Structures are given as C-alpha cells and as structure tokens.
Amino acid sequence: MDDILGRSRRESPALERDHRRARIEDLMRSGARIDAALELIALELPQWQLRRIAYDAGEWHCALSRMRELPDWLDRSVEGRHADLALAVLEACLEARGSSEPRSAPHVPPADAGAATMPFCCDNFA
C-alpha cells in the first residue's frame, strides 16, 4: 500500500489528497485492509469503479471497470485474483494503473542498408 501511495503521480487538490491518505493509513492501522484498498482506488484511479467481486475455487476475483453500466463483453475491465480479498483488490488496482499509463510505440530496428528488400502484397483479391 505504501509503495503505491509513494509512486503516486496523480494531480489533485492537496487538502483532499492528504485527507484521503490519512484515511487510508487509519484504515490500515485498524485492520480494514479491504476498505483501505477500495479507498486507494478512489484516490489513485477515480475513473475506475469496482465492477465485480467473486469467490471461486479458493480465490477471490476482483474486476475494475471504467464503464460499469456496459455489458461485460463491451467493457474492457481489469481483474485481480488472489486468495486474500484485499490483495485481489490491490492487484486489480495495479492492473488498472498499468493499463492507464500511456504505452510507447514498439521498437522497430532500422532496416539494414545493405540488404535487398522488396515490397510484397499479401492481400487476397480472389
């Protein structure tokens, strides 16, 4: 939890941010780890919402979504799984954070100037 809060990049009013951080720390001290994890999502990822929590075969599944009202097949959600519910929520939080970060373009190595290349059409017009 401290690692996630320490790496925070989100801009928000300082007073609100300090209040939420203090609330998360209070929840952690009192042992309310699930509530602390949900508060962390509200602080760090306000555009993400809890979509589903399910328990299956000894594991908790937590799904976060940006558009919770859409059907599952239309919405791109992220999921965390763990035997402990609080850790499943935190894993989903980390997945959402990773999918929210801008991705860089894939690295394409420069073409070898000495190699003979020829364009090739792969379309099938039949």
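Residues numbered from 1 in each chain as written. Predicted model: local features only at pLDDT ≥ 70, side-chain atom pairs only at ≥ 80, totals over all residues. Heavy atoms only, no water.

Of the regular secondary structure elements, the chain holds four helices and three strands. When the helices and strands of the chain are listed from N to C terminus, the series reads α-α-α-β-β-β-α. For the chain, buried positions account for 26% of its 126 residues. Contacts spanning at least 24 positions in sequence make up 43% of the contacts within the chain whose residues lie at least 6 apart. Looking at the chain as shown, the accessible area adds up to about 9100 Å², and 54% of this sits on carbon and sulfur atoms. (Helix = DSSP H or I, 4+ residues; strand = E, 2+ residues; numbered from the N terminus. Buried < 20%, exposed > 50% of the residue type's maximum accessible area, 1.4 Å probe, protein only. Contact = heavy atoms within 4.5 Å. Areas by Shrake-Rupley, 256 points an atom, 1.4 Å probe, with all protein chains shown as cover.)

Let us now look at the nonpolar core. Counting residues in hydrophobic clusters, the biggest one holds 19 residues, and the most contacted among them are Trp48, Cys62, Leu64, Val89 and Ala96. Within the residue set of this core, elements represented by two or more residues are helix H2 (14–30), helix H3 (33–44), strand E2 (59–65) and helix H4 (85–100). Not counting the four nearest positions on each side in its chain, Val89 is found in contact with Ala37, Leu38, Ile41 and Cys62. (Core = buried A, V, L, I, M, F, W, Y, C linked by side-chain atoms within 4.5 Å.)

Moving on, we get to the side chain of Ser65. Within the fold, Ser65 resides in strand E2. A polar contact is formed between the side chain of Ser65 and the backbone nitrogen of Met67, at a distance of 3.2 Å. Those residues in contact with Ser65 that lie beyond four places of it in its chain are Gln47, Trp48, Gln49, Arg51, Asp75 and Ser77. (Polar contact = N/O pair within 3.5 Å; in protein donor to acceptor, adjacent residues only side chain to side chain.)

Attention shifts here to the packing of aromatic side chains. In total, this model carries one aromatic pair according to the counting rule given. Ring geometry for Tyr55 and Trp60: centres 4.9 Å apart, planes at 55°, overall tilted. For Tyr55, a relative accessible area of 51% corresponds to the exposed category. Relative accessible area serves as the criterion here: at 26%, Trp60 is assigned to the partly exposed category. (Phe/Tyr/Trp six-rings, centres within 6.5 Å; stacked < 30°, edge-to-face > 60°.)

Another point: the pairing of strand E1 (residues 49–56). Note that E1 and E2 share seven bridges and pair antiparallel. Following the sheet pairing, Gln49 is matched in E2 by Ser65. Counted between consecutive antiparallel strands, the loop separating E1 from E2 contains two residues, among which Ala57 sits at a positive phi close to 55°. (Pairing = 2+ DSSP bridges.)

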